[in-house]
Amino acid sequence: GESVGLHLPTLSVQEGDNSIINCAYSNSASDYFIWYKQESGKGPQFIIDIRSNMDKRQGQRVTVLLNKTVKHLSLQIAATQPGDSAVYFCAEIGLSGGYQKVTFGTGTKLQVIP
Amino acid sequence: GAGVSQSPSNKVTEKGKDVELRCDPISGHTALYWYRQRLGQGLEFLIYFQGNSAPDKSGLPSDRFSAERTGESVSTLTIQRTQQEDSAVYLCASSLQRGGRGFTDTQYFGPGTRLTVL
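Sequence order as written defines the numbering, with residues in each chain counted from 1. The naming scheme follows written order: chains are lettered A onward, ligands numbered 1 onward. Reporting of local features is limited, given that this is a predicted model, to residues whose pLDDT is at least 70; pairs of side-chain atoms are given and counted only at 80 or more, and all residues count toward the totals for whole chains, interfaces and linings. Calculated side-chain values reflect all of the structure's heavy atoms, with hydrogen atoms and water omitted.

Focus: the pairing of strand E5 (residues 45-51) of chain A
All names here are of chain A. Rule in force here: Any two strands with at least two DSSP bridges between them are considered paired. Starting at the N terminus, helices and strands are each numbered in turn, a helix being any DSSP run of H or I of at least four residues and a strand any DSSP run of E of at least two.
Two elements, strand E4 (residues 32-38) and E5, share six bridges in a ladder whose sense is antiparallel. Along E5, the bridge assignment pairs Trp35 with Ile48. Joining the antiparallel neighbours E4 and E5 is a turn of six residues, in which Gly41 adopts a positive phi near 80°.

Details of the pairing of strand E9 (residues 86-96) of chain A
Residue and element names in this part refer to chain A. Definition in use: Three exposure classes are used, based on accessible area relative to the maximum for each residue type with a 1.4 Å probe and protein chains only: buried under 20%, partly exposed in between, and exposed over 50%.
Burial within E9 is extensive, with eight of its eleven residues counted as buried. As paired elements, E4 and E9 share seven bridges and run antiparallel to each other. By the bridge assignment, Phe33 is partnered in E9 with Glu92. In this structure, E9 lies alongside strand E11 (residues 108-113), joined through three bridges in antiparallel fashion. Paired with Ala86 across the strands is Leu110, a residue of E11. Pairing analysis gives six bridges linking E9 to strand E10 (residues 99-104), with the strands arranged antiparallel. If you follow Glu92 over to E10, its bridge partner there is Thr103.

Quick look at the interface of chain B and chain A
We count it as follows: By definition, residues are in contact when any of their heavy atoms lie within 4.5 Å. We define buried area as the total accessible area lost by two parts upon association, computed with a 1.4 Å probe and summed across both. Salt-bridge detection follows one rule: a side-chain nitrogen of Lys or Arg within 4 Å of a carboxyl oxygen of Asp or Glu. Whenever a nitrogen or oxygen atom comes within 3.5 Å of another N or O atom, the pair is scored as a polar contact, on the condition that within protein one atom can donate a hydrogen and the other can accept it, and that pairs from neighbouring residues in sequence are kept only if both atoms are in side chains.
Of the residues lining the interface, 23 residues belong to chain B; the matching set on chain A comes to 25 residues. In total, about 1,800 Å² of surface goes out of reach between chain B and chain A, with carbon and sulfur atoms giving 54% of it. Our count for the contact surface shared by chain B and chain A stands at zero salt bridges. Our count for the contact surface shared by chain B and chain A stands at three residue pairs in polar contact (both at pLDDT 80 or more).

Overview of the environment of Ser66(B)
Relative to the helices and strands, Ser66(B) is located in strand E7 (residues 65-69). Overall, Ser66(B) belongs to the partly exposed group, its relative accessible area being 33%.

Comments concerning the state of the cysteines
Residues and elements named next belong to chain B. Spelled out, the test is: By convention in this document, the label disulfide applies to cysteine sulfur atom pairs within 2.5 Å.
Inspection of every chain in the model, using the stated rule, returns two disulfides over all chains. In this model, Cys23 is linked to Cys92 through a disulfide, with the two sulfur atoms separated by 1.8 Å. Looking down the S-S bond of the Cys23 and Cys92 bridge, the torsion is -65°, so its handedness is left-handed. Of this pair, Cys23 sits in strand E3 (residues 19-24) while Cys92 sits in strand E9 (residues 88-95), and the two are 69 residues apart along the sequence. In this structure, Cys23 and Cys92 share a single accessibility class: buried.

A look at the pattern of salt bridges
All chains considered together, the criterion is met by seven salt bridges over all chains. With a shortest N-O distance of 2.9 Å, Arg61(A) and Asp84(A) are connected by a salt bridge. Separated by 23 residues along the polypeptide, Arg61(A) in the loop between strand E6 (56-58) and strand E7 (62-67) and Asp84(A) in the loop between strand E8 (72-77) and E9 bring together distant segments of the chain. For Arg61(A), a relative accessible area of 31% translates into the label partly exposed. Residue Asp84(A) is classed as buried on the basis of its relative accessible area of 7%. One salt bridge connects Arg64(B) with Asp86(B), and the closest N-O pair in it is separated by 2.8 Å. Of the two residues, Arg64(B) is situated in the loop between strand E6 (53-56) and E7 and Asp86(B) in the loop between strand E8 (75-79) and E9; the sequence distance between them amounts to 22 residues. Take Arg64(B): its relative accessible area is 10%, and that puts it in the buried class. Each of the salt bridges in this network shares a partner with another, and the network as a whole consists of Arg36(B), Arg38(B) and Glu44(B).

See below:
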């Protein structure tokens with residue numbers, strides 16, 4: 001079946017270093033991808049998105065890369081800060097029966113070491 | 001309101017009791033989603049509403065779970081005869097979905113309701 005999975009369940013990085021969180025997806029028909037950040041006790045918060053007609057998109061300190069050939073998505077966080085500590089989820093969105101279907105990955109916990 | 005709101009924020013109930021969880025989506029958002037998140041785990045899709053109808057109920061784990069939406073706005077998720085395995089955070093999200101069918105867009109999440117079944 002379709003699935004979205006993350007390679008690293010926990011990632012520890014030193015403050016100031018760059019972080020890379022990876023995600024694999026299996027549904028080649030998915031045309032929209034989102035990264036969410038979830039802090040403890042809160043709902044997921046939108047970080048950045050990318051559509052399938054792009055391979056890179058940049059935001060403030062974050063970059064999302066999409067490699068459709070190998071069905072791989074990554075989130076890069078530059079100059080990681082303590083406030084970046086959270087669980088990060090990727091989500092793939094496509095159409096099923098004409099309606100939007102969203103599949104979330106299991107999440108990666110990012111721990112920033114001061 | 002400015003974002004998705006959910007109530008209550010916390011609910012503790014006894015096994016066998018029924019519970020109702022409420023979601024108020026962002027005004028104007030036609031699509032609404034319910035998810036379940038167990039401790040330390042990812043998001044488990046439950047049900048999706050487009051307007052007041054639910055084209056995708058495939059994630060509801062059993063017939064003890066039901067949901068409805070009225071006025072293309074507020075939604076309630078009802079869990080009957082709660083079990084300890086139902087303990088989780090229940091998250092609601094909404095999206096604009098102006099186009100309805102054939103349109104993909106961003107979901108915005110509420111803070112969730114933490115359900116504890118004793």
